[in-house]
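# Per-entry structural report
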Amino acid sequence: MREHKKTKESYKYFKFANPEPGEEVVISGIAGRFPESNNVEELKDNLFNCKDCVTDENCRWKLDHPKIPNRIGKINNIEKFDALFFGIHFKQAYTMDPMSRMMLEHTYEAIVDAGFNPEDIRGTKTGVFIGTCFTDSDASWFHDKHQVNTISITGCSKNMMPQNISFWLGLTGPSFVVDTACSSSLYAVEHAYRAIRSGQCDYAIVGGSNLCLHPYVSLHISCLGLLNQDGRCKVFDEDANGYTRGEGISVVFLQKAKTAKRIYATIIHAKTNCDGYKEEGITFPSNKIQSTLFKKFYEECNIPMTCIPYIEAHGTGTRVGDHEELNAIDHIFTKNRANPLKIGSLKSNIGHTEGASGISSVAKVIISMESGLIPPNVNFNIPRKDVQALMEGRLEVVTQPTPLDGEYIAINSFGFGGANAHVLLRSNSKMKHNNGLPDDDLPRLVAVSGRTAEAVDTILNEIHNRPLDIEFIRLLHDIHHKAIPGHLYRGFTITDLKPSDTEVREIECFSGTKKPICFVFTGMDSQWLEMGQALIRLPIFAKSIEKCHSVLKSHKLNIYEILTGKENNLLDNILHSSVGTAAVQVT
């Protein structure tokens, strides 16, 4: 009893929100696929171009029903999957939920984006936390198919989504699905944040997924009165009449700051609560409980609410949900502000991705922090007249790319059953040293690998199409320092500050056969004056020559003078020429 009380007290007073330097939980990698956006970079372009990514083209179903909107936000290529790369039999891939397949793909991308070779985290205490709610594939395989096999249940069970990832990489940390409806993936972020801070895991893979494959799911949501029929999320607008469904798959990689190779944002704090009983019914949101969450959150993390310049709201475009959320934000955040609090919602651009909406909002926030601009809402014309904070200017909906005036962004995500989540992110204020340029003018060799020659070519193009950035090149070195299983092609290029008409680049298929290393040493008369002058500028070469010098100086030989000296007769001495060529070759 005494031991239980001690454990309970230590957990209660554990300061999640105030870690020691280096112990902060950071987002170091991100990947995803969104409506009309095959990756985060395309999402960025679509957001800043004010594109409404909800379309009525290529609808997932042919059913014509007056209560089922045809416009949804759809993602591309859900039918494609490289099963062999993930060690999955084609029969199992065929019966696997497309969300599980894409979750594996984007998990790989997020790990690589963090600067890790996937083999580096194999067998580690890494947790996998996946937020999702609706899964349409299980209805097809479990209830509609008459053919029964041994693998469909493992392919379409929702719980297998994180465990497929854990199995693929041999991860031994917590691995589970979080389902709190629309707030699922932000709840997953909160679980992962606390798991890393408490030592349950060293790294965390956090994802969210949502696909709209079956029309009857939309029908049920429509009958609940949540969907609009015109297919436009008019968030915070006077004409708001319900949300539009959207698809999305997104993954972030979390770790402690002290081990991170890149940092997109720091998770300052994450907290959840639940509305509990409400007279209006279980689906009616409670601005009182949302306000309580905000109040306790900022008491715990000790961040003044006036420091928050922008909130990425849950904002779905429903009459009740937006009204309650805006009133809760106004009640807590707008006091003692010199300027209006800016608000927005990604759902206006891509639709409501439901279980994936929280992690999708994280992607938008990272885009904002990396660019220094808040992407605009679309489908906003007239502020809601029943929200005083909008009409009186305390809250301001972002409708144009707007400078981010501060380092913090807060994110809301609320489930329709009352499960509320709030996360605060801080941007990485550290500037690149010398704008990413090296302190020298040395060329740099970059070797990479991929599944196909086209994949390798894409990476090499990325290197050459962006300004020279040695931090980016270092990440590539870390990722490709050893073989990634399944990568069949190798390639390399050389980057240089000096412009050149000829580009050094080569790509070839890798057979997987380990070739023997052969050493071929030159004979006499291969030496020349200053033969080490250029090479000694390379740190690894200079370090080896330093070792040679420490051995040779006891024999009254100066290897530096032999390799860089300018006297014409210096190498006439056979001892000098022999020692010089040997030192260059063994290095």
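Residues numbered from 1 in each chain as written. Predicted model: local features only at pLDDT ≥ 70, side-chain atom pairs only at ≥ 80, totals over all residues. Heavy atoms only, no water.

The protein chain has the name Ketosynthase family 3 (KS3) domain-containing protein in an unreviewed UniProt entry, where Vespula vulgaris is given as its organism.

## Considering the overall build of the protein chain
Across its full length, the protein chain holds 19 helices and 16 strands. Its C-alpha atoms give the protein chain principal-axis dimensions of about 100 × 65 × 65 Å. Looking at the protein chain residue by residue over its 587 residues, the buried ones come to 51%. Put simply, 78% of the contacts in the protein chain that link residues at least 6 apart link residues at least 24 apart. Placing the 63 positive and 69 negative side-chain charges of the protein chain at their respective mean positions leaves the two points 6 Å apart. (Helix = DSSP H or I, 4+ residues; strand = E, 2+ residues; numbered from the N terminus. Buried < 20%, exposed > 50% of the residue type's maximum accessible area, 1.4 Å probe, protein only. Contact = heavy atoms within 4.5 Å. Lys, Arg positive; Asp, Glu negative; His and termini not counted. Charge placed at Lys NZ, Arg CZ, Asp CG, Glu CD.)

## Here we look at the pairing of strand β12 (residues 408-414)
Here β12 lies mainly inside the structure; 7 of its 7 residues are buried. Burial of the side chains of β12 extends over both faces: Y408, A410, N412 and F414 are buried on one face and I409, I411 and S413 on the other. Of the pairings in the sheet, the one linking strand β7 (residues 310-312) to β12 comprises 2 bridges and is parallel in character. Directly across from I311, in β12, lies its bridge partner A410. In this structure, β12 lies alongside strand β13 (residues 419-427), joined through 7 bridges in antiparallel fashion. Bridging across to β13, A410 finds its partner in L424. Hairpin connection of β12 to β13: 4 residues between the antiparallel strands, including G418 at a positive phi of 110°. (Pairing = 2+ DSSP bridges.)

## Remarks on the sheet that holds strand β16 (residues 505-509)
Pairing in this open sheet of 3 strands is antiparallel, and the strands run β14-β15-β16 from one edge to the other. Looking at strand neighbours, the two that pair on one side only are β14 (444-450) and β16, the edges of this open sheet. Across the sheet, the axes of successive neighbouring strands diverge by a mean angle of 15°, strand direction being ignored. Here β14 runs beside strand β15 (residues 489-495); their pairing, made up of 7 bridges, is antiparallel. Residue pairing in the sheet places A447 in a bridge with F492 of β15. (Axes fitted to C-alpha atoms, helices over the stretch in contact; angles between N-to-C directions.)

## Quick notes on a nonpolar patch on the surface
A cluster of nonpolar side chains, contributed by I517, F519, F521 and V586, occupies part of the molecular surface with about 510 Å² of accessible area. With respect to the helices, strands and loops of the structure, I517 is situated in the loop between β16 and α17 (539-552). Taking the relative accessible area as the measure of exposure, I517 reaches 70% and is therefore exposed. (Patch = residues over 30% accessible without salt bridge, like charges linked within 9 Å, V, L, I, M, F, W, Y side chains within 5 Å. Areas by Shrake-Rupley, 256 points an atom, 1.4 Å probe, with all protein chains shown as cover. Salt bridge = Lys/Arg side-chain N within 4 Å of Asp/Glu carboxyl O.)

## Some points on helix α13 (residues 357-371)
Between its terminal C-alpha atoms α13 stretches 21 Å, which fits the 21 Å expected from 15 residues at 1.5 Å a residue. Counting buried positions along α13 gives 13 out of 15 residues, so the element sits mostly inside the fold. G372 occupies a position one or two residues after α13 and carries a positive phi of about 80°. (Expected span 1.5 Å × (residues − 1).)

## Notes on the domain arrangement of the protein chain
According to the domain assignment, the protein chain consists of domain 1 (25-427), domain 2 (433-509) and domain 3 (535-586). Taken over C-alpha atoms, the centre of domain 2 sits 31 Å from the centre of domain 3. (Domains from an automatic or database assignment.)

## Notes on the pairing of strand β4 (residues 203-210)
The two faces of a sheet get side chains in turn, since along a regular strand they alternate between them. In terms of burial, β4 is largely enclosed, as 8 of its 8 residues are buried. Here β4 shows no split at all, with Y203, I205, G207 and S209 on one side and A204, V206, G208 and N210 on the other all buried. Where strand β2 (residues 126-131) and β4 come together, 6 bridges link them in parallel fashion. Counterpart to G131 in the pairing with β4 is G208. Bridging between β4 and strand β5 (residues 248-256) involves 8 bridges; their strand directions are antiparallel. Across the sheet, the residue bridging to A204 is L254, located in β5.

## Examining the packing of helix α4 (residues 98-113) against helix α7 (residues 160-169)
For the pair α4 and α7, the least separation of the axes is 9 Å and the interaxial angle reads 50°. When the interaxial angle is binned, α4 and α7 end up oblique. Crossing of α4 over α7 shows right-handed handedness. Between α4 and α7, the contacting residues are M99, S100, M103, L104, T107, Y108 and I111 on the first element and M161, N164, I165, W168 and L169 on the second. Residue classes in the contact of α4 with α7 are distributed as 9 nonpolar, 3 polar and no charged. (Parallel < 35°, antiparallel > 145°, perpendicular 65-115°, else oblique. Left-handed = near helix turned anticlockwise from the far one by under 90°. Nonpolar A, V, L, I, M, F, W, Y, C, P; charged D, E, K, R; others polar.)

## Observations concerning the side chain of S183
Considering the arrangement of structural elements, one finds S183 in the loop between β3 (175-178) and α8 (184-197). In this structure the side chain of S183 is engaged in a polar contact, spanning 2.9 Å, whose partner is the backbone oxygen of A419. Contact partners of S183, with chain neighbours within four places excluded, come to S413, F414, G415 and A419. (Polar contact = N/O pair within 3.5 Å; in protein donor to acceptor, adjacent residues only side chain to side chain.)

## Section: the sheet that holds β12
The strands that make up a sheet are held in pairs by hydrogen bonds between backbone atoms, and each pair lies either parallel or antiparallel. Strands sit in the order β3-β2-β4-β5-β1-β6-β13-β12-β7-β8-β10 across an open sheet of 11 strands; the sheet is mixed. Each having just a single partner strand, β3 and β10 (395-397) make up the two edges of the open sheet. In this sheet, adjacent strand axes meet at a mean angle of 25° when their direction is disregarded. Contacts from helix α10 (residues 287-301) reach β6 (265-274), β12 and β13, with the element oriented near 140° to β6. Packed onto the sheet, α13 meets β1 (25-33), β4, β5, β6, β7, β8 (341-344), β12 and β13 and runs at close to 165° relative to β12.

## As for the nonpolar core
Counting residues in hydrophobic clusters, the biggest one holds 48 residues, and the most contacted among them are I27, V206, V252, L254, I267, V362 and L425. With 8 residues, the single largest contributor to this core is α8. Not counting residues up to four positions away in its chain, the partners in contact with V252 are I27, G29, I30, A204, I205, V206, I359 and V362. Core analysis: the next-biggest nonpolar cluster, separate from the first, contains 36 residues, M99, F116, I130 and I479 among them. (Core = buried A, V, L, I, M, F, W, Y, C linked by side-chain atoms within 4.5 Å.)

## Section: the state of the cysteines
Summed over all chains, the structure comprises 0 disulfides. Free cysteine: C182, not disulfide-bonded; nearest cysteine sulfur from C133 at 6.0 Å. Note on C182: relative accessible area 7%, which makes it buried. (Disulfide = S-S within 2.5 Å.)

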